[in-house]
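Letter by letter, the chains look like this.
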Amino acid sequence: MKKIKVIGGGLAGPEAALQAASFGCEVTLYEMRPTRSTEAHETSSFAELVCSNSLKSESENSAPWLLKQEMRRANSFLLAAADATAVPAGHALAVDRTEFSARVHKLIDENPRITVVREEVTALDETDPDTIIVLASGPLTSPPLTAELQRLTGASQLAFYDSIAPIVDASTIDMDKVYFAARWDKGTADYINCPFTKEEYEAFLDALMAAETVPAKEWEQIPTNSQIRDSELAQRAEDPPHSVGGADPATGQPTPSVPTNNLQPKYFDGCLPIEETARRGRDTLRFGPMKPAGLTNPKTGRWPYAAVQLRQENLRADSYNLVGFQNHMKYGDQARVLRMIPGLENAKFLRYGQIHRNTYVNAPQVLTETLQLKNHPNVLIAGQLSGVEGYTESIAGGMLAGRFAAALAQGRTPIPAPRLSANGSLTHYITHSEAKTFQPANITFDLLVPLEEELRKKIRDKKERHRIQCERAIEAWSEWLQQA
């Protein structure tokens, strides 16, 4: 039997290692922290959640619910840990970050088939016939390992900016100005809601728009295709001042010279910084993270003009995160602006919002449906590095990669997840999209196989159509589990 080498101790890596070990394989799990950290992580723990503590909706027959239902049927270790460390979050699955990470660490530490190595991996031996490699180093993959990935794929890596929401000390929230409620009364009233009047919202928006943001480091900046093309046509005898140029820190290769003051950050639309959302229109936040719909204030009997929701961070309920309030403001401006939120006037922030660059491969170009590199089938890519976005999606990718790696290690041919399932649909998306325009994706119903046209015409109710899709997905998934 071949050995399995898993690189990355985030979400996908530990899940892949535990899955492969459960099939009787010997696994070595590599994690570079604490030897080398990243700009987003704060600890060296396995499965550290850096952006949020939510694994999305648990509402029956929703796409995130379906993905998790399939994962539970496949005995996902990290999802079981999430279920065991859940905190109140209405109709969503949110976890105590510290307890969740500790539980995952214990699973890894107590598994006799998993050996942990705390060192940075800087080279990949794809020619070793006795080793299967699962690369799950995540969106913050180090430059040397990114260079290795570029060497193996022969393709440029893609990237976008992702951002992190702030966390506030619960004891510093003015509870007289806020109220508990769940949107549309779905689930339990576990969210703290900070209500805005129109005047408060307008003042907050003005302050937000005027706040100073943190400029990205030059080597992190992402030029657009047109900027690269224009720069390549210009004279290249000498880089102009204040430009992105010279050598790529990951590869050492020359990069086009592009003026930094013209660069436009490329964000993932599902996780926009609030200041970027605000620039798209004065009411955009009121239809996004500050949406008041369904949040009846018991003191007034009405919806507020706008609202910020706070979600419990841990089982002690001593801290809350600002839902959807990821941002890129400088810390001083961030404190000033966020304290304009009703109820947070004297807030103590345990963590401010941040931004970081996410790296992922061009999956349609380089990956098979079993997450293997097309040109190097002994190497699998899992988690966000493969082009999925979100905690649950990353764990799901690790779960599949661990099962596929075990099959390869045991001399079996891995069987792709069924197209009808949520897992199969997500994998199908990242491996069959248009390579030139490929972007990461969360699980949505848009990715699932649609119902037949005749059935769609017959069943007008969207919830009923979704129920049928979920029923078909779980049936196909259950059959696949018997074979894979």
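Residues numbered from 1 in each chain as written. Predicted model: local features only at pLDDT ≥ 70, side-chain atom pairs only at ≥ 80, totals over all residues. Heavy atoms only, no water.

Novice: Looking at this structure, how should I read the overall build of the chain?
Specialist: Scanning the chain from N- to C-terminus turns up 14 helices and 19 strands. When the 484 residues of the chain are sorted by exposure, 55% land in the buried category. A separation threshold of at least 6 residues defines the contact pool for the chain, and within that pool the share at least 24 residues apart is 72%. Entry remark: accessible area of the chain is about 21300 Å², with carbon and sulfur atoms responsible for 49%. (Helix = DSSP H or I, 4+ residues; strand = E, 2+ residues; numbered from the N terminus. Buried < 20%, exposed > 50% of the residue type's maximum accessible area, 1.4 Å probe, protein only. Contact = heavy atoms within 4.5 Å. Areas by Shrake-Rupley, 256 points an atom, 1.4 Å probe, with all protein chains shown as cover.)

Novice: For this particular structure, what's the right way to read the packing of helix α1 (residues 12-22) against helix α11 (residues 391-409)?
Specialist: A pair of packed helices is captured by two measures, namely the crossing angle of their axes and the spacing between those axes. The geometry of α1 relative to α11 is characterised by a closest axis approach of 7 Å and an angle of 35° between their N-to-C directions. Crossing of α1 over α11 shows right-handed handedness. Seen from α1, the contacting residues are A12, E15, A16, Q19 and A20; seen from α11, they are S394, I395, G398, M399, G402, R403 and A406. Taken together, the residues of the contact of α1 with α11 sort by class into six nonpolar, four polar and two charged. (Axes fitted to C-alpha atoms, helices over the stretch in contact; angles between N-to-C directions. Left-handed = near helix turned anticlockwise from the far one by under 90°. Nonpolar A, V, L, I, M, F, W, Y, C, P; charged D, E, K, R; others polar.)

Novice: Which parts of the structure should I look at to understand the side chain of T392?
Specialist: On the secondary structure map, T392 appears in helix α11. At 3.1 Å, the side chain of T392 and the backbone oxygen of L55 are in polar contact. When residues no more than four places from it in sequence are discounted, the contact partners of T392 are L55, L67, K68 and M71. (Polar contact = N/O pair within 3.5 Å; in protein donor to acceptor, adjacent residues only side chain to side chain.)

Novice: Can you walk me through the pattern of salt bridges in this structure?
Specialist: Two side chains that carry opposite charge are able to pair once their charged atoms sit near each other. Summed over the entire model, instances satisfying the criterion amount to 20 salt bridges. In this structure, D83 engages R72 in a salt bridge whose closest nitrogen and oxygen atoms are separated by 2.9 Å. Taken as a pair, D83 in helix α3 (residues 77-84) and R72 in helix α2 (residues 63-73) lie far apart in primary sequence, eleven residues in all. For D83, a relative accessible area of 33% gives the class partly exposed. Its relative accessible area of 26% is what places R72 among the partly exposed residues. In this structure, R316 engages D318 in a salt bridge whose closest nitrogen and oxygen atoms are separated by 3.0 Å. Accessibility expressed as a relative area gives 31% for D318, which makes it partly exposed. Here the salt bridges do not stand alone but share partners, grouping E58, K68, R72 and D83 into one network. (Salt bridge = Lys/Arg side-chain N within 4 Å of Asp/Glu carboxyl O.)

Novice: I keep staring at the packing of aromatic side chains and nothing clicks. Help me out?
Specialist: Two aromatic rings are characterised by how far apart their centres lie and by the angle between their planes. Inspection of every chain in the model, using the stated rule, returns nine aromatic pairs. For the pair Y429 and F438, a centre-to-centre distance of 5.9 Å together with 35° between the ring planes defines the contact as tilted. Members of the aromatic cluster, joined through ring pairs, are F196, F204 and F325. A cation over a ring is seen here: R118 above F46, with NZ or CZ 4.7 Å from the ring centre. The ring of Y305 is capped by R286, whose NZ or CZ atom sits 3.8 Å from the centre of that ring. (Phe/Tyr/Trp six-rings, centres within 6.5 Å; stacked < 30°, edge-to-face > 60°. Lys NZ or Arg CZ within 6 Å of the ring centre and 35° of its normal.)

Novice: Just checking my understanding: could you explain the confidence of the model for the chain for this structure?
Specialist: When pLDDT drops low, the exact placement of atoms in the prediction is not to be read closely. Of the residues in the chain, 85% have a pLDDT of 70 or more, and the chain-wide mean is 86. Note on residues 218-263: pLDDT under 50 across the span, and 70 contacts to partners over four residues away in sequence or across chains. (pLDDT = per-residue confidence, 0-100.)

Novice: Mind showing me how you'd approach the packing of α3 against helix α4 (residues 97-110) here?
Specialist: Where α3 contacts α4, the two axes come as close as 9 Å, and the packing angle between them is 140°. By the angle between their axes, α3 is oblique relative to α4. Considering the relative orientation of α3 and α4, their crossing is right-handed. Contacts from F77, L78, A81, A82 and A84 of α3 reach α4 at F100, R103, V104 and L107. Residues belonging to the contact of α3 with α4 are distributed by class as follows: eight nonpolar, no polar and one charged. (Parallel < 35°, antiparallel > 145°, perpendicular 65-115°, else oblique.)

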